[in-house]
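Given next are the chains, with one letter for each unit.
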Amino acid sequence: MGKRLGTFRAWYLVALCCTGSFLFAYDTGVVGGVLTLQSFQNDFHITKANQANVSSNATSLLQAGAFFSCFFVWPFTARFGRRWSIALASLIFCIGGVVQVINTRSLAAFYVARVISGIGVGMATVIIPMYSAEMAPKQIRGQLGSMFQFFFTLGVMTSYWVDYGVSQHLGASTRQWQIPIGLQLVPGGILGLGMLFTKESTRWLAKIGRVEEAMQSLIWIRGGDNTEVKEEFAEIITGIQEEEHATEGLTWKECFLPANRFRFVIVVTLQIGVQLTGNTSLAYYAPQIFKAVGAGDQSLLISGFFGVVKVVSCLFFLLFLVERVGRRGSLLSGAFLMGAYMLIIACLTATHPPVASQSLTSTGAAAVAMVYLEAMSYNISWGPVPWLYMSEIFPSRIREAGVAVGTATQWLFNFVFSQITPHAINNIGWRTFLMFCIFNWTLVLYAWFIIKETKGKSLEEMEALFGSSETAINVEKVHEHVRSDRGRTVNDKIQTI
């Protein structure tokens with residue numbers, strides 16, 4: 001009963017947190033469709049002359065707010081914990097969302113609101129993977145960590161269909177654009193209020209010396225107190241003590257120790273790799289890309305089903321693959337498959353160029369199918385795994401810094417590729433897909449030589465995996481110590497470990 005209760009609480013906690021990922025995706029996806037609505041253009045005086053700039057600014061300002069917030073939230077969450085950081089992120093996002101919903105008829109006010117929402121979204125994307133990894137049982141940490149990407153795909157899909165629905169069934173009135181933008185306040189509110197009904201991160205509490213609270217948090221998330229829980233808690237405490245002993249007197253210089261420096265290089269290059277796959281570009285400019293491969297006038301509808309495909313594939317990965325094939329295997333196979341599909345798309349669009357006035361042709365249908373397969377491959381590999389991997393490889397003392405740097409890299413290169421892609425499609429056409437093919441096959445080599453497998457390991461075992469001999473702990477010895485001394489109190493055990 002206790003183990004099942006613990007599993008339920010772990011899934012509940014991570015699903016609640018990943019509402020922030022849904023928020024991130026929905027907000028990113030919905031604004032693109034809203035900007036094309038005649039009602040929004042009328043209210044904010046958007047013309048053909050400034051439409052491209054407005055679209056670019058609406059996306060870029062959100063990304064800018066998110067990028068800079070990564071560095072603000074790092075010290076904040078280190079001092080005040082994960083729960084209150086997520087609650088603050090939710091509040092900031094909702095303030096921005098409310099201003100966006102109000103018909104101010106001012107693009108300046110809308111832009112300011114986008115920056116505010118971006119700050120909230122950026123904070124959430126730093127804390128959620130970290131909080132999830134710190135609370136998840138190691139046996140299902142891969143599944144729970146992959147929920148970040150699953151909720152992201154759910155948010156993208158929802159934004160596609162909401163935009164499609166209001167464009168088809170509502171007239172060109174103010175509420176036509178207010179409804180899709182206002183709906184984002186629902187998950188925003190759920191995220192913030194939900195934090196009132198969870199426990200603070202066990203590892204954060206232990207790191208700052210609130211040991212009894214840390215033990216109670218672990219007992220709650222595992223569904224009861226038993227030997228396994230005591231062993232896990234002893235492992236956490238020992239890991240923290242070893243880190244503190246080995247890095248006594250160090251502050252930011254700890255980030256530049258050889259084992260930690262390598263981990264920072266991994267999270268930066270891993271997040272750059274996410275953008276090099278080309279899938280983020282496909283998500284931002286799906287209708288434009290589907291037209292480029294010959295989808296004709298049906299590109300908006302096809303974009304909607306594009307979102308469904310991503311949700312289904314990510315759910316399949318989460319339920320059946322992540323704890324079987326591991327992190328490294330997923331990245332290797334995903335990059336190879338995406339490269340192959342991008343090459344096929346390049347060949348199809350080069351040999352059978354799409355005609356603007358044409359409806360969906362057989363070649364166009366084949367190219368669309370390849371785009372769908374590419375998205376499926378991404379969502380069983382480079383979509384969910386980097387968020388999971390980034391949150392689990394750092395020691396507790398610098399986890400906030402590591403995840404913040406990785407997330408900031410994601411936002412920075414997300415911005416870069418969102419600016420490059422439409423120009424690439426317009427100027428080099430099918431060669432864009434060939435470029436992404438080369439990038440993906442390069443990522444196969446990267447994953448083979450750089451990525452270490454973390455499946456089934458606790459966060460404390462990462463020190464030994466990444467060669468940090470000074471802070472590595474003997475897990476079996478810790479467990480034996482707990483088993484041989486069950487009758488003593490938690491504090492007594494900690495003092496003798």
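Residues numbered from 1 in each chain as written. Predicted model: local features only at pLDDT ≥ 70, side-chain atom pairs only at ≥ 80, totals over all residues. Heavy atoms only, no water.

I keep staring at the overall build of the chain and nothing clicks. Help me out?
Looking only at helices and strands, the chain has 23 helices and 0 strands in total. Pairs at least 24 residues apart make up 83% of the contacts formed inside the chain by residues separated by at least 6 positions. Surface accessibility of the chain: about 19700 Å² in total, with carbon and sulfur atoms responsible for 65%. (Helix = DSSP H or I, 4+ residues; strand = E, 2+ residues; numbered from the N terminus. Contact = heavy atoms within 4.5 Å. Areas by Shrake-Rupley, 256 points an atom, 1.4 Å probe, with all protein chains shown as cover.)

I keep staring at the pattern of salt bridges and nothing clicks. Help me out?
Close approach of charged atoms lets side chains of opposite charge pair. Applying the stated criterion across every chain, the model contains 15 salt bridges. Taking the shortest distance from any N to any O, the salt bridge between D27 and R114 comes out at 3.2 Å. With D27 in helix α2 (residues 19–34) and R114 in helix α6 (residues 107–135), this pair connects stretches of sequence that are 87 residues apart. The class for D27 is buried, based on a relative accessible area of 1%. We classify R114 as buried; its relative accessible area is 1%. Notably, a salt bridge pairs K230 with D225, separated by 2.9 Å at the nearest N-O pair. Connected via shared salt-bridge partners are R82, E134, K207, R399 and E400. (Salt bridge = Lys/Arg side-chain N within 4 Å of Asp/Glu carboxyl O. Buried < 20%, exposed > 50% of the residue type's maximum accessible area, 1.4 Å probe, protein only.)

Hey, could you run me through the nonpolar core in this one?
Most often, soluble globular proteins keep nonpolar side chains buried together rather than apart. Core analysis: the largest hydrophobic core is formed by 128 residues, its most contacted members being F40, I86, F110, W382, Y389 and I451. No other element matches helix α16 (residues 299–351), which puts 16 residues into this core. Setting aside residues no more than four positions away along its own chain, F40 makes contact with V34, L35, I46, F110 and W177. (Core = buried A, V, L, I, M, F, W, Y, C linked by side-chain atoms within 4.5 Å.)

Just checking my understanding: could you explain the side chain of T77 for this structure?
By the element assignment, T77 lies in helix α4 (residues 51–80). Classification of T77 by relative accessible area gives buried; the value is 0%. A distance of 3.3 Å separates a polar atom in the side chain of T77 from a polar atom in the side chain of S85. Leaving out residues up to four positions away in the same chain, T77 has contacts with R82, S85, I127, M130, W204 and E400. (Polar contact = N/O pair within 3.5 Å; in protein donor to acceptor, adjacent residues only side chain to side chain.)

Help me understand helix α18 (residues 385–392) in this model?
Since the α-helix advances by 3.6 residues per turn, residues separated by three or four positions end up pointing in the same direction. By the criterion of burial, α18 is predominantly enclosed, with 8 of the 8 residues buried. Residues of α18 that are buried: V385, P386, W387, L388, Y389, M390, S391 and E392.

Can you walk me through the side chain of Q176 in this structure?
For Q176, the location among the structural elements is in helix α8 (residues 174–182). Residue class for Q176 comes out buried when judged on its relative accessible area of 5%. Looking at Q176, its side chain comes within polar contact range of the main-chain oxygen of L170, at 2.9 Å. The residues contacting Q176, other than those within four sequence positions of it, are L37, S39, V166, S167, L170 and G171.

Please clarify how the packing of aromatic side chains should be interpreted in this entry.
A ring pair, where both rings are aromatic, is described by two values, the distance of the centres and the angle of the planes. The final tally for this structure, using the stated rule, is 22 aromatic pairs. A ring pair is formed by F262 and F466, whose centres lie 6.3 Å apart and whose planes are at 50°; its orientation type is tilted. Of this pair, F262 sits in helix α13 (residues 258–276) while F466 is found in the loop between α21 (462–465) and α22 (475–483), placing the two residues 204 residues apart along the sequence. Considering the side-chain rings of F436 and F439, the 6.2 Å spacing of their centres and the 70° angle between planes classify their relative orientation as edge-to-face. Here F436 pairs with F439, and both are found in helix α20 (residues 431–450), just 3 residues apart, close to one helical turn. Classification of F436 as buried rests on a relative accessible area of 4%. Three or more aromatic residues joined by ring pairs make a cluster, and in this case those are F40, F44, F110 and W177. The positively charged end of R83 is found above the aromatic ring belonging to W84, 5.6 Å away from the centroid. (Phe/Tyr/Trp six-rings, centres within 6.5 Å; stacked < 30°, edge-to-face > 60°. Lys NZ or Arg CZ within 6 Å of the ring centre and 35° of its normal.)

Looking at this structure, how should I read unusual backbone geometry?
Leave glycine aside and you will find that most residues have negative phi; peptide bonds, for their part, are mostly trans. Phi angles above zero are rare outside glycine, and H45 is one such case at about 55°. Of note, H45 is situated in the loop between α3 (38–43) and α4. Overall, H45 belongs to the exposed group, its relative accessible area being 54%. Not every positive phi belongs to a glycine, and R105 is a case in point at roughly 60°. In this structure, R105 sits in the loop between α5 (82–101) and α6.

What should I look at first to understand α6 in this one?
Taking 1.5 Å as the rise per residue, α6 with 29 residues should run 42 Å; its terminal C-alpha atoms sit 42 Å apart, in good agreement. For α6, a buried count of 23 out of 29 residues is recorded, marking the element as mostly surrounded by other parts of the structure. (Expected span 1.5 Å × (residues − 1).)

Got a minute to help me understand the packing of helix α1 (residues 2–17) against α6 in this structure?
Any two packed helices are characterised by how steeply their axes cross, that is the angle between the axes, and by the distance between the axes. The geometry of α1 relative to α6 is characterised by a closest axis approach of 10 Å and an angle of 175° between their N-to-C directions. The orientation of α1 with respect to α6, classified from their angle, is roughly antiparallel. The residues of α6 that touch α1, namely those facing L13, V14 and C17, are I128, Y131, S132 and M135. Taken together, the residues of the contact of α1 with α6 break down into 6 nonpolar, 1 polar and no charged. (Axes fitted to C-alpha atoms, helices over the stretch in contact; angles between N-to-C directions. Parallel < 35°, antiparallel > 145°, perpendicular 65-115°, else oblique. Nonpolar A, V, L, I, M, F, W, Y, C, P; charged D, E, K, R; others polar.)

What exactly am I supposed to notice about the packing of α1 against helix α7 (residues 141–169) here?
Where α1 contacts α7, the two axes come as close as 9 Å, and the packing angle between them is 30°. Relative to α7, α1 is oriented roughly parallel. Crossing of α1 against α7: the hand is right-handed. Contact residues: α1 offers A10, W11, V14 and A15, while α7 offers Q143, L144, M147 and F151. (Left-handed = near helix turned anticlockwise from the far one by under 90°.)

Help me understand the environment of M376 in this model?
Considering the arrangement of structural elements, one finds M376 in helix α17 (residues 362–378). For M376, the residues in contact, after removing those within four places along its chain, are V309 and S313.

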